[in-house]
Structures are given as structure tokens and as C-alpha cells.
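Structural characterization, general
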Amino acid sequence: MPELPISPEAAIAVCALVAALLIATMVRALRAKRRPAPGEREAPRLEQKPQAQVASERVRGALAKTRDALRRRLADVFGGDRGLDAILASLEEVLLAADVGMPTTTRILAAVRARCGSEREPTEAKVREALRAAIEESLGEPPPRPRTGGKPWVILVSGVNGVGKTTSIGKLAARFAAAGNRVLLVAADTFRAAAIDQLGVWAERVGADLVRHQSGADPAAVAFDGVKAAAARGVDVVIVDTAGRLHTRENLMEELRKMTRVIGKAIPGAPHETWLVLDATTGQNAIHQAKVFSEALGVTGIVVTKLDGTAKGGAALAVREELGVPIVWLGVGEGVEDIRPFSAAEFATALVGED
């Protein structure tokens, strides 16, 4: 039989009809798939937790090892009928074991005694709440730190080898960028080519600008070029990475002082913040590091990392109280979002618990 000719218009109409039938069939199949079978309950929708609750849970999770160690020891503290003096003596051992340090422990126990008043045998709940309140008071909320000096806002970040300094810089850059800031990272750790490359990966990941020189270049020159470039480009936030310094090496500390002076010449008043990164797992050694850096650089804030990897998170209390330098950020995990603004109330509650 001879083939019947089909006009182009008819062919288009047939194709459209077939496509419509296919789409209708797929829609019915999807609806049938989502519809629960007879007698079967439809799965409930998962509600997203408020952001503040998620943040609090991250801090609580990071302090789990320290809190669990405290709770095991506190169980012995409150066992049986004990007077306040005996409870405080046991609490002293608990706090020292958590690396809180003797001076800070003494002040915290004095505050607990004052809060428990004249009760000879205070309840466990009373002592726990007094301890939580004393820790919160000892830590103190970091003061509001408005950006000064206009744009760019320059942050110098220092710390010894292995504390997670470059990673913390990357996470901070991600937070600042997410808040709508244009961020520039300065790779002034020129002694390790890997550190320059690592910062470059972070810059690309978070959408930040990067200023870098060759490995072995003068760190002060890199810092100077970085802040000058930031000013020329209208950048909002500059974060300067520095080489991991051994705080016992005076010549290396002097190099940090030189970087600070050079940055100030490039932008008067800069750096506006000098943050020191401390590893929580180092315990009391972190206090000595903080003292040396603070004397050399005038540290304005502490970034505590690796809280999730230690049972001695109490060292953060000693650093805060003995140096008078506020804790401004907490590293609470491996993820890019796992760096949190410090809150004394949140920290104390996560450390002692609410029950």
C-alpha cells in the first residue's frame, strides 16, 4: 500500500499528544508512589531545628568529653550526706582534673560557697547551679567589638604549630563571606608551601580573594601587599595568616611584631584585631602560650580549637580569667560551619549540664 503523506503540522500535533500522554502517565505514577497503602500511616514531615538550637547542640557536643568526665567525678562529690566544706574540697579535685588551674578553681569555689549561702548540706541541684553560674561569671561574655577604622577590617591570626590556625581562618572567612562581606586572605605563612596552598584552597572554597607570594618570601612584605591590595579593592575583611610560631623562639616572635608594625604603616590603626588560636587539648600549656603571645602582640581575642577532642576543656576558663583576654570563637568540629561565636552562658551550661 502506498504511504499516506503526513503534513508537518500533523506530525507536530501527534508528537505533542504523545508527550502529553507520557507526562500524564508519569504524574499519576508519582502520585501513586507517594500515596500510602491502605492502613499505612504517612511518614511525618521532619521539622528543621531553629539555628540557635543547632548551634547550642554543637557546643554541647564539643564539650561532651569534658562534661562526661566532670559528671563521673561529680557523682562521687554528691554521694551520701555531705556538708558544703566536703563538697567544695571534692569539687576542687574535679576542677583541677579538668585543667581549670588552681587560681581559677579557687575563685570559682569561693563563688560557689557564696551562692550556697549558709546551707550546711546544700542539695546537688543547688551546688550544680551555683557552679554553672560561677563558671559563666568567670568566663564573662566577650565585649562587643565593633569594627573600627572603616574598611578594610584587618585581623591578624597567630598561634603555634598544629593548633588548627589555617583551618580556623578558612572557617571564619566562610562565616564573614556568608554574612555578605567581601573577604581577602593573606598567606603570610611563607615558611611552608603547604600552608600557602591550604589557604588558597580555602579562598577558592569560600569565594575570598587571596594575596600570596612565593614560598620563603618575607612575611611582612606579604602582609603589607595584602592589606594594601584589600584597601585598593574595597574589601570588607582581611585575615592575615602567620607561620606557626614556637612561642619560645624570640626571633620568631619579633618577626610577628614586625608584621604588626608594617600592617599599621599600610593602614593606620591596623591590625584592628589580633586573635590567638589555642588548642584545647594542650591544657595548661595553652596558658603559657597565651601569656607570651599576649605580651608580644597585645592579643585581643582567643580562638579555642579542638574542644571536641579533649576531656580538659576547663583550660579555657584558666586562659580567660588569668589573662583577661576574651574568648571570641570556639572550634567545635571538623565541618566548615563548626566554629561558633563564644557565649559564656552557653559554654557553662554545656560544661556542667542543666540537670
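Described below are features of the structure shown in this document. Because the structure is predicted, anything quoted here is derived from the model rather than measured.

The next point concerns the packing of helix H11 (residues 285-297) against helix H12 (residues 315-323). It is the contact of H11 with H12, at a shortest axis distance of 9 Å, that shows an interaxial angle of 35°. Crossing hand, H11 versus H12: right-handed. Seen from H11, the contacting residues are Ala286, Ile287, Ala290, Lys291 and Ser294; seen from H12, they are Ala318, Val319, Glu322 and Leu323. Partitioning the contact of H11 with H12 into residue classes produces six nonpolar, one polar and two charged.

What follows is about unusual backbone geometry. Residue Pro271 is bonded to the preceding Ala270 through a cis peptide linkage, with omega at -5°. Inspection of the secondary structure puts Pro271 in the loop between helix H10 (250-266) and strand E5 (273-279). Here Asp99, not a glycine, exhibits a phi torsion of approximately 70°, which is positive. Within the secondary structure, Asp99 is located in the loop between helix H4 (84-97) and helix H5 (102-116). Note on Asp99: relative accessible area 13%, which makes it buried.

Its 14 residues place the ends of helix H7 (residues 165-178) 20 Å apart at the C-alpha level, agreeing with the 20 Å of an ideal helix rising 1.5 Å per residue. Here H7 lies mainly inside the structure; 10 of its 14 residues are buried. For H7, every residue scored as buried is listed here: Lys165, Thr166, Ser168, Ile169, Gly170, Lys171, Leu172, Ala173, Ala174 and Phe176. Gly180 sits one or two positions beyond H7 and adopts a positive phi of about 95°.

Further remarks concern the pairing of strand E7 (residues 327-331). Most of E7 sits inside the fold, with five of its five residues counted as buried. Note: strand E6 (residues 301-305) against E7, three bridges, orientation parallel. Counterpart to Val303 in the pairing with E7 is Trp329. Summarising the sheet, E7 and strand E8 (residues 339-341) pair through three bridges and their orientation is antiparallel. Across the sheet, the residue bridging to Trp329 is Pro341, located in E8.

Right, let's get into empty space enclosed by the protein. As enumerated under the stated definition, the model contains two cavities of 30 Å³ or more in all. Size it by volume and the largest cavity reaches roughly 50 Å³. In terms of lining, the largest cavity is formed by Leu278, Asp279, Ala280, Ala286, Val304, Leu307, Gly313, Ala315, Ala316 and Val319. Residue assignment for the lining of the largest cavity shows that the elements contributing at least two residues are E5 and H12. Top element by residues in the lining of the largest cavity is H12. It accounts for three residues. Partitioning the lining of the largest cavity into residue classes produces eight nonpolar, one polar and one charged. In this structure, the second largest cavity spans a volume of roughly 40 Å³. Taken together, Thr66, Leu70, Leu95, Ala98, Val100, Ile135, Gly314, Leu317 and Leu351 make up the full set of residues lining the second largest cavity. Here the lining of the second largest cavity is composed, by residue class, of seven nonpolar, two polar and no charged.

What counts and what doesn't
- Residues numbered from 1 in each chain as written.
- Predicted model: local features only at pLDDT ≥ 70, side-chain atom pairs only at ≥ 80, totals over all residues.
- Heavy atoms only, no water.
- Axes fitted to C-alpha atoms, helices over the stretch in contact; angles between N-to-C directions.
- Helix = DSSP H or I, 4+ residues; strand = E, 2+ residues; numbered from the N terminus.
- Left-handed = near helix turned anticlockwise from the far one by under 90°.
- Contact = heavy atoms within 4.5 Å.
- Nonpolar A, V, L, I, M, F, W, Y, C, P; charged D, E, K, R; others polar.
- Buried < 20%, exposed > 50% of the residue type's maximum accessible area, 1.4 Å probe, protein only.
- Expected span 1.5 Å × (residues − 1).
- Pairing = 2+ DSSP bridges.
- 1 Å grid on protein atoms, 1.4 Å probe; cavity = no way out; pocket = protein on both sides within 12 Å on 5 of 7 lines; lining within 4 Å.
- Points joined across faces, edges and corners; volume = space filled by probe spheres on them.

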